[in-house]
Amino acid sequence: MNEQPTVSATYLEEKQLQHLEQLSDEEFWDYARTLAYHAPVAAQPEEYLECTLSKGSCLIPLSALNEVVPPPHRLALLPATPEWMAGVVAWRGQVIAVIDLSMYLSGQTLDLSNGKLLVAGHAGLALGLLVPSIGQTAPMQHDAQVALEDPTATVEDAEDAEPASQLYLPSRAIFVKGVQKEAFVLDVLSLLADAVQEIEIAASNG
Amino acid sequence: MDDEFNKKELSAEDLAILQAFDEMNLEGWEEGKEGEEERSEKDIATRPLTDQEMGANFLTPEEMLAIFVGEASEDIATLRQTLQQLEPDDHLDGTHLQVLQRTAHKLKGTTGAMGCTAMSTIAHHIEELVKLITNGTIAPFIGLNALVQTVHALEMTLDSLVTSGEESSGPLSELEAEYKALNIEITSGQAEKQALATAAEGEQETESTIHVPLRATVEIEPASKTTQESLTTMQVMRVDVDRFEQLIQHTEQLAELSSPLESAQAEVGKALQELQTAQARLRHLEVLVSAQLVAKNSSVTPEPNGNEDRPTSSLIARILDESRQRTGQHYQRKSKAPVQPAKTADSLQWDDLEIDRFTENDVLALSLGEAIADVATASAQLRAAFAQLSRITQQHIDLAANVRDDTLLLSLAQISALVPRIERAVMMSALAQQHQVFFETEGETTEIDQDILEQLKQPLLQLVRTCTAYGSHKAAETGVEEQEKAADRIWLHVHTVDNEVNIEVGFSMTVAGGALDEVQEAIRRLHGTIVARRNKLGGVSFHLRLPRSQGAIQGFLVAVGSRRVVVPFSQVRRIEHSTEHAAEPLYTLNGLLGFPLEQAPPESVRAVIILQTERPPLAVEVDAILGETRLVVKPLAPHLQRRGIVGTAIDGTGNILLIVNVPELINRYELLETTVKVAAIRSGGNHSSYTAQRQPSILVADDSVYIRQSLHQTLSYAGYKVSEADDGMKTLERLLDHPPDALLLDIEMPNLNGYDVLSMMHAHPVLANVKTIMLTSRMSEKHKARARELGADAYLTKPCPQDVLLETLRLLLKK
């Protein structure tokens, strides 16, 4: 059984069937296992959660999120923090920082009393992203997503999309890694790393 | 007592001497600073003296020289004495070597400032030799021999200065030739590197040895027995540390559940109350419905069979019956029909056989009544069950608290476990070799968390070793006979306050500086504090305050606007009402935390917390004291850690409470305020309104009398008001008594060194505006970085040219 005819998983010709019939049980299952091992896995598009912010919408990868917490959020203030840090909150027994995402990205905020808290993970550290509201989850359409080499430049390829530099603060526009259906796709891990660093720096400044 | 110049007593002759001295001093500093640009003798030397300066009580150059020679002789005697105590062994005693190094360092600074380069170099050689011996580069025997010859060269050079007025470089040349013969190479860079490498190795060694004992197993001792006698008889069980920590963790979780449980219980109680209210409303509704039905039925035309006055349902019958019982009168329908005799109660009963006589409304009313009765029954049952649940919940909460306390007790150990080690460190010290030393303990049976105890061991030993290393200091100040008469005392006093342990490590004598700086970080890691105070015997006591157990904290729950924070009991001296308070400077906790202002309730009497701080006492106003609480501390992640925030706790409803360190918050606030004021002055340009037109004051802190005198003259001459301190403790006391505009601070000083003083200054908001200039002979980047880290504003090395010193002062004070 050195040479085995290649078979399609969905359609077998007579010759192939004959070959299969000649196999012993052991050989058959070995063959089956080999096929199963090499069976092509359909690539799953990454799911994103749409969030409505004070200026436009953004997409956050679900893989970066641990939990979506509904209101009310029992926020406590911490001294010497950036103005976009809404406070700290208890989540699963630990104290995590909560970032007002609208304020962080665009410098403007909305009423967050009924906002959703997205708990995201970064380097083993949990952080909360407070957004006014969330929409549906949607798979990322790679052909629709526009990679932005220069995030501060106008996104000409994206239909009807305003440039990130017009909606977001210049220092935050770099966290937009693409755009899909007028919503900015955020590089959440870089954003969280930056936020953690700024929160830490604020302690020494304040 | 501050040594201030009497500025009206300076004669013309004094002025001439002063000028001569100034010139001599400049030359000395020029010589000591190789490669330094030639110093300009601007304003100070050339400008005419003011009346104020004319009155300064300056010393003559001869007097200054005499002071220098006397001080150098004392230092050389100390070196000689210490060398005699060193025995040529395989390993020279570290504490004696430390004394040599410190004394040589002080001498190097003094001789450098005097311009005696040869003596300064020889003193530096002693420092380097000690480093080489310590790191094993040269053998102890050879090293000791070299040290003896070096001290001899120092004596010879000083002799030449005294006899001829100039120091001879001959002894130094001979000494360096001798080093070559002994194959000793002294280069400062190499020695520095070697010293750093040794220090790094030492640190690694220390780190690897700190945590060993508790990792494998921990010995659990019944905490109820506290006496030394019972300690010897108690049974000890070995427990795996990981399992023990798991037990602690689960116990904490169990205890943490108490608050949510209480909250849930309160919620159920509230819901039950609402149920009872709804039930009452239903009853009321039932009455109304029944009344309506009665009214409706009464308006119906009587039936021919004569049953027109019969109630239409048992519900109505019951109402009528109740009415009859209440009023004693029978129900009479309000109809125009002729009055009928009243029915008996039995005739009003619902009878299934007579169902055709009742309307649908009657049936509905009956059902409503029965449903209400069912609700009433269920409600009563629920009340009984809730009462039972409350009892059990309370028992559970009490039990969880007991379990937590018991578990915490398991992890406690007596501080007496450290006493033998500390006593041994005292007895092995250089101090104990020279003086009779009594070591006393009190309250050593106090128990503390084993983990804390383990981490406390090294800092405590370090504290004692550092303080007792400089045993010969007192010898220089007092005679040998006096030393023998007065034995030195060292004590370890322990007592508990609530959930904290206070440890006093006291010394009756002058101690070596640097202890506080060395152990402060370790104490801070344990969430503790350490301060130095002068004790009743005139020495220095170090007061350590530590949590008794990790995890839990007790304090006041305080309202700050709509927020709540916890102020640990240990920070509070007393509580007053805002109407009573008048004495101490008042801060608001809301302002200290930097929270947005909220509208205060009108005419409310607020609480004022008087803090347990050193002088001056501090007071903080809060909106209300809500009560006392005991909570489990949750440490903050590194990026969330803030100065003045000890940690957080989560209450039963999931709210986060900040646990605050109020004195630290005040300190931070004062620093910020200073920055804001400076910024305001810079932007507004209104300098004169902020800087009062007065003589700026400088505190000179240096253990060398020569350096102090020299600086005193220079600064007074430049128009500053000068005071002095010759050790770290006095420096701190003078700073607090009369905060100066600037502090000139040496590093190497007895009692507290310069770093200790800088650290302690942080604890006193009143000193936040004092400009600090380090003036030291320590030149390495390591020292400069440490000083910057501790908040020094400038760093100058001795010998420092006058114009550099004065320009630095001018710039700092201008700020």
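For clarity, every value in this text was computed on a predicted model and none was experimentally measured.

Moving on, we get to the overall build of chain B. Within chain B, the secondary structure is distributed over 28 helices and 23 strands. Taking all 815 residues of chain B together, 36% fall into the buried category. Sequence separation of at least 24 residues holds for 74% of the intrachain contacts in chain B that already meet a minimum separation of 6.

We now examine the overall build of chain A. When helices and strands are counted, chain A shows five helices and 10 strands. Sequence-distant contacts in chain A: of pairs separated by 6 or more residues, those separated by 24 or more amount to 57%.

Position of L132 of chain B relative to the elements: it lies in helix α5 (residues 117-134). Put simply, L132 of chain B and I186 of chain B are 54 residues apart on the chain and 8.6 Å apart in space, counted from C-alpha to C-alpha.

On to the interface of chain A and chain B. Between chain A and chain B, the residue contacts involve 16 residues of the former and 19 residues of the latter. Mapped by element, the contributors of at least two residues to the side of chain A that touches chain B are β4 (85-91), β5 (94-100) and α5 (188-205) of chain A. When residues of the side of chain A that touches chain B are assigned to their parent elements, the largest contribution, four residues, is made by α5 of chain A. Across the side of chain A that touches chain B, the residue classes break down as 14 nonpolar, no polar and two charged.

Before going further, it helps to examine the environment of E521 of chain B. Within the fold, E521 of chain B resides in helix α20 (residues 515-525). For the pair E521 of chain B and P459 of chain B, spaced 62 residues apart in sequence, the C-alpha to C-alpha distance is 9.2 Å.

On to the sheet that holds strand β18 (residues 656-660) of chain B, then. Backbone hydrogen bonds are what pair the strands of a sheet, in a parallel or an antiparallel way. Residue and element names in this part refer to chain B. Taken in spatial order, the five strands line up as β16-β10-β11-β18-β17 in an open sheet, and their pairing is mixed. The open sheet is flanked by β16 (624-632) and β17 (645-650), the only strands paired with a single partner. For this sheet the average axis-to-axis angle between neighbouring strands, irrespective of direction, equals 35°. Note that strand β10 (residues 552-560) and β16 share eight bridges and pair antiparallel.

Side chains on a regular strand alternate between the two faces of the sheet. Residues and elements named next belong to chain A. In the sheet, strand β3 (residues 65-69) pairs with strand β6 (residues 116-122) via four bridges, with the strands oriented antiparallel. Note on β6: the bridge partner recorded for V69 is L117. Here β6 pairs with strand β7 (residues 125-131) via seven bridges, running antiparallel. Along β7, the bridge assignment pairs L118 with L129. In sequence, β6 turns back onto β7 through a hairpin of two residues, with A123 there showing a positive phi of about 50°.

Right, let's get into helix α4 (residues 94-114) of chain B. Residue and element names in this part refer to chain B. Across its 21 residues, α4 extends 30 Å between first and last C-alpha, which sits within 8% of the 30 Å expected from 1.5 Å per residue. Burial runs high along α4: 20 of the 21 residues are buried. Of the residues trailing α4, G115 is marked for its positive phi of about 90°.

Here the focus is unusual backbone geometry. P71 of chain A connects to P72 of chain A through a cis peptide bond whose omega is 5°. Within the secondary structure, P72 of chain A sits in the loop between β3 and β4. Following K798 of chain B, the chain continues into P799 of chain B via a peptide bond in cis, with omega recorded as -5°. By the secondary structure assignment, P799 of chain B is in the loop between β23 (794-797) and α28 (802-814).

All names here are of chain A. Across the sheet, which stays open at both edges, the five strands sit in the order β3-β6-β7-β5-β4 with mixed pairing between neighbours. Among the strands making up the open sheet, the edge pair consists of β3 and β4. Taking the axes of each pair of neighbouring strands and ignoring which way they run, one obtains an average angle of 30° across the sheet.

Atom-level detail of predicted coordinates should not be read off regions where pLDDT is low. Mean pLDDT over chain A: 81, with 80% of residues reaching 70 or higher. Counted against residues more than four places away or in other chains, residues 147-158 of chain A, with its pLDDT under 50, gives 21 contacts.

What follows concerns the nonpolar core. In terms of nonpolar packing, the biggest core is built from 110 residues, with F542, A701 and L744 of chain B touching the most fellow members. Setting aside chain neighbours within four positions, we find A701 of chain B in contact with A725, T731, L743, L744, L745, D746, M749 and V757 of chain B. Membership of the second largest hydrophobic core comes to 84 residues, among which are L112, L117 and A120 of chain A together with L618 of chain B.

Let's shift gears to the packing of helix α15 (residues 419-427) of chain B against helix α17 (residues 450-469) of chain B. All names here are of chain B. Direction vectors running N to C along α15 and α17 enclose 20°, while the axes themselves pass 9 Å from each other. Classified by the angle their axes make, α15 and α17 are roughly parallel. Considering how the two elements wind past one another, α15 and α17 form a crossing that is right-handed. Along its contact with α15, which presents R421, I422, A425 and V426, the element α17 presents K457, L460, L461, V464, R465 and T468. Considered class by class, the residues forming the contact of α15 with α17 number six nonpolar, one polar and three charged.

Residue and element names in this part refer to chain B. At a closest axis distance of 10 Å, the pairing of helix α3 (residues 61-85) and α4 adopts a crossing angle of 160°. Our classification of the angle between α3 and α4 gives roughly antiparallel. In the packing of α3 onto α4, the handedness of the crossing is left-handed. Packed against α3, whose contacting residues are F68, E71, A72, D75, T78, L79, T82 and Q85, the element α4 presents H96, V99, L100, T103, A104, K106, L107, T110, T111 and M114 at the interface. Counted by class, the contact of α3 with α4 contains eight nonpolar, seven polar and three charged residues.

Moving on, we get to the confidence of the model for chain B. Residue and element names in this part refer to chain B. Confidence in the prediction for chain B averages 75 pLDDT; 72% of positions are at 70 or higher. Predicted confidence is poor over residues 189-232, with pLDDT under 50, and the contacts of this stretch with residues over four places away or in other chains come to 48 contacts. Across residues 685-692, confidence stays below pLDDT 50; counting only partners more than four residues off in sequence or on other chains, it has four contacts. The complex prediction reports pTM at 0.55, with the ipTM value standing at 0.76.

What counts, and where the lines are drawn
- Residues numbered from 1 in each chain as written.
- Chains lettered and ligands numbered in written order.
- Predicted model: local features only at pLDDT ≥ 70, side-chain atom pairs only at ≥ 80, totals over all residues.
- Helix = DSSP H or I, 4+ residues; strand = E, 2+ residues; numbered from the N terminus.
- Buried ≥ 20, exposed ≤ 12 C-beta atoms within 10 Å, placed from the backbone.
- Contact = placed C-beta atoms within 7 Å.
- Nonpolar A, V, L, I, M, F, W, Y, C, P; charged D, E, K, R; others polar.
- Pairing = 2+ DSSP bridges.
- Axes fitted to C-alpha atoms, helices over the stretch in contact; angles between N-to-C directions.
- Expected span 1.5 Å × (residues − 1).
- pLDDT = per-residue confidence, 0-100.
- Core = buried A, V, L, I, M, F, W, Y, C linked by C-beta atoms within 7 Å.
- Parallel < 35°, antiparallel > 145°, perpendicular 65-115°, else oblique.
- Left-handed = near helix turned anticlockwise from the far one by under 90°.

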